[in-house]
Amino acid sequence: MERGVAEKELRKLPELPEMQPIHKPEHEGVLGSHLLEDWRPEDPVFWEATGRRIARRNLWLSIPSLLLSFAVWMVWSVVVAKLPAVGFRLTTDQLFWLAALPALSGATLRIFYSFVVPIFGGRFWTTLATWSLMIPALGIGFAVQNPDTPYWILLLLALLCGFGGGNFASSMSNISFFFPKSEKGHALALNAGLGNLGVSAVQFLVPLVITVGVFGALGGEPLMSSDGVADHQPLWLQNAGFIWVPFIALSAIGAWFGMNDLTTAKASFAEQSVIFRRSHNWIMCWLYLGTFGSFIGYSAAFPLLAKIQFPHVPVLKLAFLGPLVGALSRSFTGWISDRWGGARVTFWVFVGMAAGVLGVVYFLHAQSFAGFFAVFLFLFFVSGVGNASTFQMIPVIMRKEIDRLMPGMTPEERTRQADKESAAIIGFSSAIAAYGGFFIPKSYGSSIALTGNADAALWSFFVFYLTCIGLTWYAYTRRKGLLYDVERGARAA
């Protein structure tokens with residue numbers, strides 16, 4: 001409301017108060033050029049002339065911020081494995097909760113982050129959300145240097161790592177506004193897929209940087225390892241948090257000075273909350289739980305499951321490969337959904353995931369690590385393809401639904417409404433899907449505790465994927481499905 005009253009006066013001011021003494025009338029509006037009032041990505045002339053260049057700049061500034069968000073979100077899963085080695089006296093149950101809490105807090109924060117971009121603006125929120133990663137990164141760096149750090153502080157830091165998980169919802173919502181329907185799938189796939197590389201980056205980089213004094217005297221003294229494998233080896237465990245600090249600062253500064261806000265993307269929470277009355281919002285939450293929930297859940301659970309089932313194989317050295325394959329497949333397969341249709345791709349993704357689970361069960365009983373590892377890489381690959389295809393579906397669904405639900409609007413108004421609802425659904429469905437990062441590891445743990453093996457968890461995943469196959473077919477790909485005519489070129493009834 002304040003902006004509505006004072007927007008014109010606010011635009012006359014510099015963006016930083018320190019610049020006010022040198023701010024002259026000829027400078028008015030120059031620094032405020034980050035706000036774009038005219039944005040028509042569906043207009044081919046506008047898109048080719050200026051839109052594509054601006055959209056791509058925002059995308060390439062969004063990606064490093066999201067990569068760092070995933071790295072901070074998952075960094076605790078690496079740190080927690082090293083805490084006993086440097087003198088932290090924690091029970092197995094305490095370690096489990098430290099590993100699980102980032103997924104819970106990140107998923108919950110995503111619910112709120114889903115709606116903030118149209119309220120505060122994508123540029124402002126990306127900058128703020130990126131700076132927020134400093135809190136858990138610095139906190140972990142200081143806390144792990146002292147084995148007497150209270151457990152409640154470690155729990156708090158694990159919860160704060162959820163800032164990284166929450167950022168995904170706002171990032172995807174923001175980027176969805178910039179691209180036309182024909183390129184949304186590829187753009188969202190690049191943003192999310194390259195952002196997902198943060199998972200493999202943290203699992204690959206942290207075990208390396210904690211063995212050397214990267215920051216010298218500024219980084220603090222190492223603690224001596226006493227895990228029975230590498231006794232008296234110095235570990236700079238604080239580097240697991242500190243290593244991200246300079247990159248967070250650079251990314252936040254880049255977002256502030258290089259990204260844009262769109263007036264066409266402005267909406268209150270009340271305007272966005274209409275998605276809770278859209279049945280397709282809940283359907284896509286279920287399907288995205290099957291794709292992204294599987295990706296993040298398998299990323300968290302694969303190292304532990306492999307270590308338990310194949311104790312003599314150095315699985316931790318290979319753990320980063322699964323998330324890497326999933327992230328890259330998401331990044332570079334978005335065009336498949338743009339070309340063939342997201343729903344058709346999603347249907348076959350779930351067929352592949354169901355088959356992959358059967359393969360995991362087979363190779364676990366055969367005690368073949370090579371087969372087990374290969375099938376899991378396949379699961380990561382198809383989950384990445386499905387992450388891209390499900391997000392490609394959402395804008396297409398809402399474009400068609402808004403035409404049906406709000407025929408009284410002009411074509412421009414319907415496009416704007418569809419984009420706003422699509423962005424909110426993308427963010428909200430990502431929030432629900434992120435709970436897979438908790439439930440999949442917990443399912444493995446419960447299955448092993450109750451039955452002695454992971455079969456019960458794997459068979460439950462298989463049944464879940466069957467429901468996703470049926471739901472995708474019934475709602476979207478069958479002859480009377482919502483997207484049949486869109487994806488197969490048939491005439492609408």
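Now for a quick tour of the structure. (Residues numbered from 1 in each chain as written. Predicted model: local features only at pLDDT ≥ 70, side-chain atom pairs only at ≥ 80, totals over all residues. Heavy atoms only, no water.)

Re the packing of aromatic side chains
Next up, step 1: Scanning all chains against the criterion turns up 43 aromatic pairs.
Next up, step 2: Measuring from centroid to centroid gives 5.5 Å for Tyr-298 and Phe-376, while their planes differ by 90°, and the two rings are edge-to-face. On the criterion of sequence distance, the pair formed by Tyr-298 in helix α13 (residues 279-309) and Phe-376 in helix α17 (residues 369-405) is long-range, its members being 78 residues apart.
Next up, step 3: The buried category is assigned to Tyr-298, whose relative accessible area is 1%.
Next up, step 4: In this structure, Arg-339 is placed above the aromatic ring of Trp-340, and the distance from its NZ or CZ to the ring centre is 4.2 Å.
Next up, step 5: Lying across the ring of Tyr-474, Arg-478 places its NZ or CZ 4.2 Å from the centre. (Phe/Tyr/Trp six-rings, centres within 6.5 Å; stacked < 30°, edge-to-face > 60°. Helix = DSSP H or I, 4+ residues; strand = E, 2+ residues; numbered from the N terminus. Buried < 20%, exposed > 50% of the residue type's maximum accessible area, 1.4 Å probe, protein only. Lys NZ or Arg CZ within 6 Å of the ring centre and 35° of its normal.)

Structural notes on the packing of α13 against helix α20 (residues 455-477)
Next up, step 1: Packing of α13 against α20 leaves a shortest axis separation of 11 Å and a crossing angle of 145°. For the pair α13 and α20, the sense of crossing is left-handed. Residues His-280, Ile-283, Met-284, Trp-286, Leu-287, Leu-289, Gly-290, Ser-294 and Tyr-298 of α13 lie in contact with α20, whose contacting residues are Phe-461, Phe-464, Tyr-465, Thr-467, Cys-468, Leu-471, Thr-472, Ala-475 and Tyr-476.
Next up, step 2: Here the residues of the contact of α13 with α20 are counted per class, giving 13 nonpolar, 5 polar and no charged. (Axes fitted to C-alpha atoms, helices over the stretch in contact; angles between N-to-C directions. Left-handed = near helix turned anticlockwise from the far one by under 90°. Contact = heavy atoms within 4.5 Å. Nonpolar A, V, L, I, M, F, W, Y, C, P; charged D, E, K, R; others polar.)

A few points about empty space enclosed by the protein
Next up, step 1: Taken as a whole, this structure holds 2 cavities of 30 Å³ or more when the rule is applied.
Next up, step 2: In this structure, the largest cavity occupies an estimated 70 Å³ of space.
Next up, step 3: Residue lining of the largest cavity: Ser-62, Ser-65, Leu-66, Ser-69, Val-117, Trp-125, Thr-126, Ala-129, Thr-130, Asn-167, Ser-170 and Ser-171, and that is the complete set.
Next up, step 4: Of all the secondary-structure elements, those providing two or more residues to the lining of the largest cavity are α2 (44-82), α5 (122-132) and α8 (162-176).
Next up, step 5: Of the residues assigned to the lining of the largest cavity, the class counts are 4 nonpolar, 8 polar and no charged.
Next up, step 6: Reported here for the second largest cavity is a volume of approximately 50 Å³.
Next up, step 7: Lining the second largest cavity, in full, are Val-117, Gly-121, Gly-122, Asn-174, Phe-177, Phe-178, Asn-260, Asp-261, Leu-262 and Ala-265.
Next up, step 8: Of the residues belonging to the lining of the second largest cavity, the class tally is 5 nonpolar, 4 polar and 1 charged. (1 Å grid on protein atoms, 1.4 Å probe; cavity = no way out; pocket = protein on both sides within 12 Å on 5 of 7 lines; lining within 4 Å. Points joined across faces, edges and corners; volume = space filled by probe spheres on them.)

Considering α5
Next up, step 1: Most of α5 is tucked away, with 8 of its 11 residues classed as buried.
Next up, step 2: When we look at burial in α5, the residues that qualify are Gly-122, Arg-123, Trp-125, Thr-126, Thr-127, Ala-129, Thr-130 and Ser-132.

A look at unusual backbone geometry
Next up, step 1: Here Gln-367, not a glycine, exhibits a phi torsion of approximately 55°, which is positive.
Next up, step 2: Along the polypeptide, Gln-367 turns up in the loop between α16 (342-366) and α17.

Things to note about α8
Next up, step 1: The terminal C-alpha atoms of α8 lie 22 Å apart, and with 15 residues this matches the ideal 21 Å at 1.5 Å per residue to within 8%.
Next up, step 2: The buried count for α8 comes to 15 of 15 residues, which makes it a mostly enclosed element. (Expected span 1.5 Å × (residues − 1).)

Regarding the pattern of salt bridges
Next up, step 1: Taken as a whole and assessed by the stated rule, the structure comprises 11 salt bridges.
Next up, step 2: Among the salt bridges present, the one from Arg-40 reaches Asp-43, with a minimum N-O distance of 2.5 Å.
Next up, step 3: Note on Arg-40: relative accessible area 36%, which makes it partly exposed.
Next up, step 4: Among the ionic pairs, Asp-419 bridges to Arg-399, the shortest N-O distance being 2.9 Å. (Salt bridge = Lys/Arg side-chain N within 4 Å of Asp/Glu carboxyl O.)

A look at the environment of Val-202
Next up, step 1: Note on placement: Val-202 falls in helix α9 (residues 181-209).
Next up, step 2: Sequence-wise, Val-202 and Ala-71 are 131 residues apart; in three dimensions their C-alpha atoms are separated by 5.3 Å.

What to know about the state of the cysteines
Next up, step 1: Enumeration over the complete set of coordinates arrives at 0 disulfides.
Next up, step 2: No disulfide involves Cys-285; its nearest neighbouring cysteine sulfur is the one of Cys-468, lying 12 Å away.
Next up, step 3: Looking at Cys-285, the relative accessible area reads 3%, which means it is buried.
Next up, step 4: Cys-468 gets classed as buried once you look at its relative accessible area, which sits at 0%. (Disulfide = S-S within 2.5 Å.)

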